[in-house]
Amino acid sequence: MVARTSARLGRHYLGHTAAMYIREVAMISLPALQKFRESLRGPSFCPGEDGYDNARKVPNAMINRRPAIIARCAGAADVIECVRFAREYDVLVTVRGGGHSLPGKCIHDDALMVDLSAMKGIRVDHARKTVRAQTGLTLGEFDRETQAFGLATTLGTVSTTGIAGLTLGAGWGHLHARFGLALDNVIGADVVTADGTLVTASAHENEDLFWGVRGSGGNLGVVTSIEYRLHEIGPVLGGAVFYPVTKAKDVLHFWRDYVATIPDELVVQAGAMTLPDVGRVFAVAACYSGPLSKGEEVLKPLRTFGQPTADIFDRIAYVQMQKIFDPFFPPGRYAYTKSNFFRSLTDDAIEAMACFAGTAPSPYIFAPFIEHWHGTATQVPSTDTAFPHRHYSFNLLLWSTWEDPAESERNIRWTRESWEAMKPFLAESSYGNYVSDEGDAVARAAYGPNYDRLLALKNKYDPTNLFRMNHNIKPTPRPAVSAV
């Protein structure tokens, strides 16, 4: 355990010139701490040192926590050292890839943060159409390298997101209907397990772990690299049409009927938002990745419906499409989300959404927003990977962001009230990558019918729950051993 009492260590500890304030760790001597830090190839940071405050920043400004140690790993060997140190001294461990965990699971007070953000190695095998990528990469960095060969795979829709957490949680994106979710394109992964061993998980090696890491988040170990299957992707037809927010109900009725007819090459989402110099609108965004001449025909019903305020569809590079939402999600804003799948997008559900569309207290809120899930991603049997929610067509997302901390209570209250209005239409399930609130019920809903199988894997690979800063699967308590 990391104790709560602070200790001032002196101005020249380990050669640093800045004063260091770290939490004393029970049973850890200063020489042991020094030995651990010197064992790392990458840098490490403690409170009071240069670089510490920058290293602990995450995109969600609601998260302001102070780890005892931040280890910026240079490779898998550093991760192994971190895991072994944490086991030996019973230190709370968090793992950071891109840092986009909405509830801040990647960082915690008084913990050891295993920071993967410097691990950005990537190698594309053009002939095999595969790529091996380290888990400090962002989507934008990954896409840039694969698109140099005209290749891509399903990832998310904001380029600054880290590939690791997104993929291990599922990975909905612009190519999911053609090629499956991000985790459906995973061929293998290197994983540091709780005993400090680096293993490979694939369909032919540690098959049970391979099944489990694809959907269980970080419950079973620290994934240091992922091998993906790639697909040929050239320019796409991408963009959005925007309507006055007062037309939300009409647009949603049209959109529900429209998406029932679209091919797998088209991925669509819709929701209320605010455009600079325009104001509050209801948008329908889409990416068509098939033959562009056919795409014009496929998009025509969407682009000719009603009287849109603006139409920004165009033939663009795939990497440009992947960045289209970036301006709306800058780091440093406060963020709070709610998300669940619809049982069905009924007329009553549309009516409820239309009632609060455009009423958000912040101009930066995306809500209500709906992702349409279809095609290949929804045809995978629910037990083929640890992520089970394959049969729902619509995922509701209330993504609230704001800039002034004094507005936090107001924005969170609005999000929760809107959520309560939608709950009667939602399933008992969730896409874990969008969940803010935590608890056993949320974890069970995220893993659904695969929870018991994941529990067995947790008991095997992490019986002491070393990796618990996630949507946690708590291992079965071990029976106490009586003293003789």
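For the structure itself, look to the data block above.
In what follows, the accompanying structure is described. (Residues numbered from 1 in each chain as written. Predicted model: local features only at pLDDT ≥ 70, side-chain atom pairs only at ≥ 80, totals over all residues. Heavy atoms only, no water.)

Thoughts on the packing of helix 8 (residues 248-259) against helix 11 (residues 347-356)
No. 1: Direction vectors running N to C along helix 8 and helix 11 enclose 145 degrees, while the axes themselves pass 9 Å from each other. Pair helix 8 / helix 11 crosses with right-handed handedness. Contacts from K249, L252, H253 and R256 in helix 8 reach D347, I350, E351, M353 and A354 in helix 11. (Axes fitted to C-alpha atoms, helices over the stretch in contact; angles between N-to-C directions. Helix = DSSP H or I, 4+ residues; strand = E, 2+ residues; numbered from the N terminus. Left-handed = near helix turned anticlockwise from the far one by under 90°. Contact = heavy atoms within 4.5 Å.)

With respect to the sheet that holds strand 6 (residues 112-115)
No. 1: Within the open sheet, the 4 strands sit side by side as 3-4-6-5. Their pairing is mixed. The open sheet has two free edges, formed respectively by strand 3 (44-45) and strand 5 (93-96), since each of these has just one partner strand.
No. 2: Taken together, the 2 bridges between strand 3 and strand 4 (residues 69-72) define a ladder with antiparallel strand orientation. For F45, the partnering residue across the bridge sits in strand 4 and is I70.
No. 3: Strands strand 4, strand 5 and strand 6 of the sheet are contacted by helix 3 (residues 76-89), whose axis makes an angle of about 165 degrees with strand 6. (Pairing = 2+ DSSP bridges.)

Re the nonpolar core
No. 1: Grouped together as the largest cluster of nonpolar side chains are 45 residues, with contacts concentrated most on W255 and F342.
No. 2: Among the elements that line this core, the one with the most residues is helix 8, at 7 residues.
No. 3: Of all hydrophobic cores here, the second largest spans 35 residues; its members include V124, F210, L230 and A443. (Core = buried A, V, L, I, M, F, W, Y, C linked by side-chain atoms within 4.5 Å. Buried < 20%, exposed > 50% of the residue type's maximum accessible area, 1.4 Å probe, protein only.)

Describing helix 3
No. 1: In this model, helix 3 (14 residues) spans 20 Å end to end at C-alpha, consistent with the 20 Å of a helix rising 1.5 Å per residue.
No. 2: What helix 3 keeps buried is the set D78, V79, I80, C82, V83, F85, A86 and Y89.
No. 3: One or two positions beyond helix 3, positive phi appears at D90, with a value near 55 degrees. (Expected span 1.5 Å × (residues − 1).)

Examining the pattern of salt bridges
No. 1: In this structure the tally under the stated criterion is 24 salt bridges.
No. 2: Residue R303 is joined to D311 by a salt bridge in which the shortest nitrogen-to-oxygen separation is 2.9 Å.
No. 3: With relative accessibility at 27%, the residue R303 sits in the partly exposed group.
No. 4: Across the pair R410 and E407 runs a salt bridge, and its minimum N-O distance is 3.1 Å.
No. 5: For E407, a relative accessible area of 26% translates into the label partly exposed.
No. 6: Shared partners join several salt bridges into a network, and the residues in it are D125, R128, R132, D190 and E227. (Salt bridge = Lys/Arg side-chain N within 4 Å of Asp/Glu carboxyl O.)

A few points about helix 15 (residues 451-461)
Because an α-helix packs 3.6 residues into every turn, residues spaced three or four apart end up facing the same way.
No. 1: Along helix 15, the residues that are buried comprise Y451, L454, L455, L457, K458 and Y461. Around the axis of helix 15, the buried residues are gathered within 165 degrees of arc, so they sit on the same side. Seen from the open side of helix 15, the exposed residues pointing more than 90 degrees away from its buried face are D452 and K460. (Arc of directions from axis to C-beta.)

Points about the sheet that holds strand 10 (residues 186-192)
No. 1: One open sheet accounts for 5 strands, arranged 7-8-12-10-11; its pairing is antiparallel. Since the sheet does not close on itself, it has two edges, and those belong to strand 7 (122-125) and strand 11 (198-202), each with one partner. Across the sheet, the mean angle separating the axes of adjacent strands is 15 degrees when strand polarity is ignored.
No. 2: Judged from the 4 bridges that link them, strand 7 and strand 8 (residues 130-134) form a sheet pairing that is antiparallel. Pairing of D125 across the sheet is with T130, part of strand 8.

Topic: the environment of E403
No. 1: Mapping E403 onto the fold places it in the loop between strand 21 (394-402) and helix 13 (408-422).
No. 2: Along the backbone, E403 and Y334 are 69 residues apart, and their C-alpha atoms lie at a distance of 6.1 Å.
No. 3: In contact with E403, other than residues within four places in its own chain, are R333, Y334 and Y364.
No. 4: A polar contact of 3.4 Å, which involves the side chain of E403, links it to the side chain of Y364. (Polar contact = N/O pair within 3.5 Å; in protein donor to acceptor, adjacent residues only side chain to side chain.)

Details of the side chain of R214
No. 1: Locating R214 in the fold gives a position in the loop between helix 7 (207-213) and strand 12 (222-229).
No. 2: The side chain of R214 is buried and forms no salt bridge, while D184, the nearest opposite charge, is found at 5.7 Å. (Lys, Arg positive; Asp, Glu negative; His and termini not counted.)

Details of the pairing of strand 21
No. 1: Taking burial as the measure, the 9 residues of strand 21 include 9 buried ones, the bulk of the element.
No. 2: Here strand 21 shows a buried face lined by F394, L396, L398, S400 and W402 and a second buried face lined by N395, L397, W399 and T401.
No. 3: Bridge count for strand 19 (residues 334-341) against strand 21 is 8 bridges, and the pairing is antiparallel. Across the sheet, the residue bridging to S339 is L397, located in strand 21.
No. 4: Summarising the sheet, strand 20 (residues 366-372) and strand 21 pair through 5 bridges and their orientation is antiparallel. Bridge pairing in strand 21 places F366 opposite W399.

Thoughts on unusual backbone geometry
Backbone geometry follows two general trends: most residues other than glycine have a negative phi, and most peptide bonds adopt the trans configuration.
No. 1: Residue P368 is bonded to the preceding A367 through a cis peptide linkage, with omega at -10 degrees.
No. 2: Mapped onto the elements of the fold, P368 is located in strand 20.
No. 3: Residue D277 is not a glycine yet carries a positive backbone phi of 65 degrees.
No. 4: Looking at the secondary structure, you find D277 in the loop between strand 15 (266-275) and strand 16 (279-288).
No. 5: Looking at D277, the relative accessible area reads 86%, which means it is exposed.
No. 6: In this structure, N465 is a non-glycine residue whose phi angle is positive, near 60 degrees.
No. 7: With respect to the helices, strands and loops of the structure, N465 is situated in the segment after helix 15.
No. 8: Relative accessible area serves as the criterion here: at 10%, N465 is assigned to the buried category.

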